[in-house]
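# Structural description and commentary
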Amino acid sequence: MLGRLRDYILAERPYGVKLLMASSAIAIAIMLQTKGGASSTVAYDMERVANLNVWCGVFVGYALLLFYGVLWENATARMIGSIFGTIMWLGLFTFHTIVSGVGPLRGVYLVFGIFSIWNILAVYEYIRIQRKYGIDLTKMANDMMLQFMRKYRK
Amino acid sequence: MLIKLRQILYRQQPKSTDLMMGIISFLFAWAAYLTRNIQTESPVVAAMERIAPLIFWIILLAIYGVVIILATAFNYVPGIVLGTGLGTFVWGAISGILLTNLPFQPRLLLGVAIYIVFFVFSSWSFMNALEVYRLTKKFGKNYHRVVEEDMIKELIDLRNRVAQATATNDLREAERKLDHHVR
């Protein structure tokens, strides 16, 4: 059971979570600029620390790093993005909770933070196996998936 | 280009992204429920309530969240299909209603960005879930899981060949770790 759980945790699957977090970061950056609805409270809190344009730059930079890592299959970019994302999301969760108290929308930051930690572990495993055995796990998985698809999807 | 796009579209395994979307949707529903009496003057709420009461959308989002969390946790493919389908409908409906009913102000319309992101990822998940469901019905196996198992077999085989070629303490340590990893 634990072995299977470890398999699941440490297999870097392309790439839904990373793309979702990157897209959400861009959406949040847009919403901060508009200060519409719920994001107005968030924007007000964040402005206490830095100008909103700085925050938007941070979100967009993070998103671009992850998009680059995913679409150009660069493990280093994915690792840096995941580490940066973990710090950013968990930092935002902690900050908003301290400033405005516990709330479900803070939980979104916590969820992103937890999945970022998961990404760090998975990308680390990917890099470790690549350096140790010269295997590109993602390429191997993709090639096998394509072979399977060509064989069975008629 | 289209082949690459198709590869990207069908590469995603219905699991972690769906789990994340389910948790986030449940949190959104919870937040909306807690603030339902405060947000009575919000143009977003007003737009949603032209179609159905706010509580209807909250319940739909909460159901989607719960269904998808349970289905991915138990790897129940029909549940994942149902959950992702419901998510696509809910986020698509919310995005569509807001884009067509909100006053034409960029400030308000751009605020819909996050709902559109969730709609896009829900639809992607739904397409993959349908594909997995179709192949599971046809071959009795989840093709993502089959590929994973093939990959692990390849890794074990490679590890054995490497260990035979250069048996050192380092590799034995690596073998032991890899053994534990694939068991």
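What you are looking at is a predicted structure, and each value in this text was computed from that prediction instead of being measured.

Attention now goes to the overall build of chain B. Helices and strands together make up the secondary structure of chain B, namely nine helices and zero strands. Here chain B holds 183 residues, and the buried ones make up 48% of them. Contacts in chain B between residues far apart in sequence, at least 24 positions, make up 70% of those at least 6 positions apart. A total of about 9,600 Å² of accessible surface is found on chain B, and carbon and sulfur atoms cover 66% of it.

From N to C terminus, chain A includes seven helices and zero strands. Starting at the N terminus, the α and β elements of chain A follow one another as α-α-α-α-α-α-α. A total of 154 residues make up chain A; the buried ones form 53% of that total. Of all intrachain contacts in chain A linking residues separated by at least 6 positions in sequence, the fraction that spans at least 24 positions is 66%. With the model as given, the accessible surface of chain A reaches about 7,100 Å², and the carbon-plus-sulfur share is 67%.

Looking now at the confidence of the model for chain B. Residues and elements named next belong to chain B. Taken over all residues, the pLDDT of chain B has a mean of 76, while the share at 70 or more is 68%. No element of chain B has a lower mean pLDDT than helix H1 (residues 2-11), at 54, and none a higher one than helix H4 (residues 54-73), at 90. For this predicted complex, the interface score ipTM comes out at 0.75, while the overall pTM is 0.76.

The end-to-end C-alpha distance of helix H6 (residues 104-133) of chain A, which contains 30 residues, comes to 44 Å, matching closely the 44 Å that a straight helix rising 1.5 Å per residue would cover. Immediately beyond the C-terminal end of H6 of chain A, within one or two residues, lies glycine 134 of chain A, with a positive phi of roughly 70°.

Attention shifts here to the packing of aromatic side chains. Residues and elements named next belong to chain A. The full count for this structure, using the stated rule, is 14 aromatic pairs over all chains. With a centroid separation of 6.2 Å and an interplanar angle of 40°, the aromatic rings of tyrosine 62 and phenylalanine 84 are classed as tilted. Here the residue tyrosine 62 occupies a position in helix H4 (residues 52-71), and phenylalanine 84 occupies one in helix H5 (residues 75-100), the gap between them amounting to 22 residues. Using a relative accessible area of 36% as the deciding quantity, one classes phenylalanine 84 as partly exposed. These aromatic residues form a ring-pair network of at least three members: Phe59, Tyr62, Phe84, Trp89, Tyr109 and Phe112. Positioned above the aromatic ring of tyrosine 126, the side-chain terminus of arginine 78 is 5.2 Å from the ring centre.

Looking now at H4 of chain B. All names here are of chain B. An ideal rise of 1.5 Å per residue puts 28 Å on 20 residues; H4 measures up with 29 Å between its terminal C-alpha atoms. Considered for burial, the residues of H4 that qualify are Leu54, Trp57, Ile58, Leu60, Leu61, Tyr64, Gly65, Ile68, Ala71 and Thr72. Against the buried residues of H4 lie helix H2 (16-34), helix H3 (43-49), helix H5 (77-101) and helix H7 (113-139). At the exit of H4 stands asparagine 75, carrying a positive phi of roughly 50°.

Reading guide: rules and limits
Residues numbered from 1 in each chain as written. Chains lettered and ligands numbered in written order. Predicted model: local features only at pLDDT ≥ 70, side-chain atom pairs only at ≥ 80, totals over all residues. Heavy atoms only, no water. Helix = DSSP H or I, 4+ residues; strand = E, 2+ residues; numbered from the N terminus. Buried < 20%, exposed > 50% of the residue type's maximum accessible area, 1.4 Å probe, protein only. Contact = heavy atoms within 4.5 Å. Areas by Shrake-Rupley, 256 points an atom, 1.4 Å probe, with all protein chains shown as cover. pLDDT = per-residue confidence, 0-100. Expected span 1.5 Å × (residues − 1). Phe/Tyr/Trp six-rings, centres within 6.5 Å; stacked < 30°, edge-to-face > 60°. Lys NZ or Arg CZ within 6 Å of the ring centre and 35° of its normal.

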